[in-house]
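# A structural walkthrough
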Amino acid sequence: VRLKVTTPEETNYTFEWQVDGAEEVIGRTAILNAIPDSSCIYQLRVIHPNGCDTVLYFPVQLYPVPEIEVSAVPSTICPRSSSTLQASGATIVSWLWDDSTTANIRIVEPQSATEYFVTGTDGNGCSATRSVPLTILPSPEHEILSDDSICANSSKMLVLSGRALNYQWHNPDV
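These lines cover the structure that appears in this document, whether it is placed above or below. This structure is a prediction, so every number in the text was calculated from the model and none was measured. (Residues numbered from 1 in each chain as written. Predicted model: local features only at pLDDT ≥ 70, side-chain atom pairs only at ≥ 80, totals over all residues. Heavy atoms only, no water.)

### Section: the state of the cysteines
Applying the stated criterion to the full structure yields zero disulfides. Cysteine Cys40 shares no disulfide, and the gap to the nearest cysteine sulfur, in Cys126, comes to 15 Å. Cys40 gets classed as buried once you look at its relative accessible area, which sits at 8%. Residue Cys126 is classed as buried on the basis of its relative accessible area of 19%. (Disulfide = S-S within 2.5 Å. Buried < 20%, exposed > 50% of the residue type's maximum accessible area, 1.4 Å probe, protein only.)

Pasting the structure below:
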């Protein structure tokens, strides 16, 4: 917080900053840079060279950083697959993702492992940023080892190299 008082330059005023009525003077210039850890009231006593003074009060409302969460479902995907990213927070009024989209839900199809960032802003203008990683599994590497020629009305056993949990054959001509 930067608090500043302006006075006529030709007058040599004295300044005394205090916080929440405490006796301790925390500043003696026209400008006070402070980092409060809670809401408080700063008071400034301005003393004219003739001895007259006035007290000014500066209330500072400190708002908490909003709490946000972000998830990826699923968080680990195969190449050419998608994941749904979702950001949530009880007090958030606007969202901003790293690609400039503004919805709290985003569908992504990354080609490599990456991390996505989202910023949530609450009604007080306070914001927080969180990230969510997305893991891309390697593509299985397989190769048909058999000769790909076959005679009409005959059958042939195809041999596939590599390891997988499941296989699904597909004939694009059928």
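### Description of the environment of Pro74
Within the fold, Pro74 resides in the loop between strand 6 (69-73) and strand 7 (76-77). In sequence terms Pro74 and Leu158 are 84 residues apart; their C-alpha atoms lie 34 Å from each other. With residues near it in sequence (within four places) discarded, Pro74 still touches Ser82, Ser83 and Leu134. (Helix = DSSP H or I, 4+ residues; strand = E, 2+ residues; numbered from the N terminus. Contact = heavy atoms within 4.5 Å.)

### Re the side chain of Asp122
Of note, Asp122 is situated in strand 11 (residues 114-122). Residue contacts for Asp122: discarding those within four places in its chain leaves Pro64, Pro66, Thr91, Ile92 and Val93.

### Details of the sheet that holds strand 7
The four strands are arranged 7-12-11-9 in an open sheet whose pairing can be described as mixed. For this open sheet the edge positions go to strand 7 and strand 9 (92-97), each flanked by a neighbour on one side alone. With five bridges joining them, strand 9 and strand 11 adopt antiparallel strand pairing. Bridging across to strand 11, Trp95 finds its partner in Gly120. (Pairing = 2+ DSSP bridges.)

### Quick word on the packing of aromatic side chains
Under the counting rule described, the total for this entry stands at one aromatic pair. The interplanar angle of 40° and the centroid separation of 5.5 Å between the aromatic rings of Trp17 and Phe58 together place this pair among those described as tilted. Remark: Phe58 occurs in strand 5 (residues 53-60) and Trp17 occurs in strand 2 (residues 14-19); sequence separation between them is 41 residues. The exposure class of Trp17 is buried, given its relative accessible area of 0%. Classification of Phe58 by relative accessible area gives partly exposed; the value is 21%. (Phe/Tyr/Trp six-rings, centres within 6.5 Å; stacked < 30°, edge-to-face > 60°.)

### Details of the nonpolar core
Counting 16 residues, the largest nonpolar core has Leu85, Trp97 and Tyr116 as its most contacted members. Of all the secondary structure elements, the ones that give two or more residues to this core are strand 6, strand 8 (83-88), strand 9, strand 11 and strand 12 (127-136). Ignoring sequence-local partners within four residues, the contact set of Trp97 consists of Val70, Leu85, Ala87, Ala103, Asn104, Arg106, Tyr116, Phe117 and Val118. Leu3, Val5, Phe15 and Ala34 belong to the second-largest nonpolar core, a separate cluster that totals eleven residues. (Core = buried A, V, L, I, M, F, W, Y, C linked by side-chain atoms within 4.5 Å.)

### Observations concerning unusual backbone geometry
Peptide bonds are mostly trans, and most non-glycine residues show a negative phi. Cis geometry is found at the peptide bond from Val73 to Pro74, where omega equals -10°. For Asp20, which is not glycine, the phi torsion reads 50° and is therefore positive. Locating Asp20 in the fold gives a position in the loop between strand 2 and strand 3 (31-33). You can call Asp20 exposed: its relative accessible area is 51%.

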